Amino acid sequence: MKSDKKLSLWERYLTTEIGIEFKACLYFFAILFFYCMYRMICGVFNASILHMAEMIFTCYIIGYLQVYLFWNFDEAETLGVKEIAGMVICTFIYGLISRLCNWFDGKLTVTFILAAYILITYLCVFLIYKTKRSIGDKKLNEELRLFQAEHKKVKDSGK
């Protein structure tokens with residue numbers, strides 16, 4: 001019995017870690033895309049490996065903050081004050097690190113555009129998770145309905 005509880009705790013931990021891994025990859029891709037578009041607009045067709053390493057490291061750190069401190073806001077049921085605050089704080093951290101690490105050559109305007117882009121990305125991800133949950137609920141309800149119908153058939157045939 002005790003091992004079942006540990007397994008459950010392990011499964012919860014593993015699920016959380018996979019979620020953070022997914023978030024880090026998703027947001028890294030979004031930021032890297034923005035960075036590459038910026039570089040191409042500037043006429044530069046290569047990217048700094050150091051900048052990419054800083055970006056992925058930042059995405060992991062913010063992923064942990066997002067899940068453990070900021071209520072996992074992109075997977076929330078609704079967007080309330082605390083979820084929006086989490087989005088804004090994490091966006092601010094991305095902007096601050098982009099400035100400190102000079103991802104956009106010190107251009108403050110680009111940093112503000114990045115912040116707006118990240119906020120839009122957070123909103124899109126929130127909507128994707130919400131839609132996924134809604135579809136999952138519909139699937140579960142359909143499976144429950146089918147199970148109940150099958151159970152009723154079995155029960156009726158036994159009479």
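Here is what the cut-offs are and how they apply
- Counting restarts for each chain, with residues numbered from 1 along the sequence as it is written.
- Only residues with pLDDT of at least 70 are given local features in this predicted model, and only at 80 or more are side-chain atom pairs given and counted; all residues enter the totals for whole chains, interfaces and linings.
- Computation of side-chain values: all heavy atoms of the structure, hydrogens and water removed.
- The rule is short: rings of Phe, Tyr and Trp, with Trp giving its six-membered ring, pair when the centres are within 6.5 Å, and they are stacked under 30 degrees, edge-to-face over 60, tilted in between.
- Helix numbers and strand numbers start at the N terminus; a helix is a DSSP run of H or I with at least 4 residues, a strand a run of E with at least 2.
- Categorising residues by exposure relies on relative accessible area from a 1.4 Å probe, with only protein chains included: less than 20% of the type maximum marks a residue as buried, more than 50% marks it as exposed, and the intermediate range marks it as partly exposed.

A. Local environment of the packing of aromatic side chains. Inspection of every chain in the model, using the stated rule, returns ten aromatic pairs. The interplanar angle of 70° and the centroid separation of 5.0 Å between the aromatic rings of Tyr 27 and Tyr 122 together place this pair among those described as edge-to-face. Here the residue Tyr 27 occupies a position in helix 1 (residues 2–41), and Tyr 122 occupies one in helix 4 (residues 108–157), the gap between them amounting to 95 residues. Of the two residues examined, Tyr 27 and Tyr 122, each falls in the buried class. The interplanar angle of 90° and the centroid separation of 5.3 Å between the aromatic rings of Tyr 38 and Phe 104 together place this pair among those described as edge-to-face. Taken together, the positions of Tyr 38 in helix 1 and Phe 104 in the loop between helix 3 (81–100) and helix 4 put the pair 66 residues apart, joining distant regions of the chain. For the pair formed by Tyr 38 and Phe 104, the shared burial category is buried.

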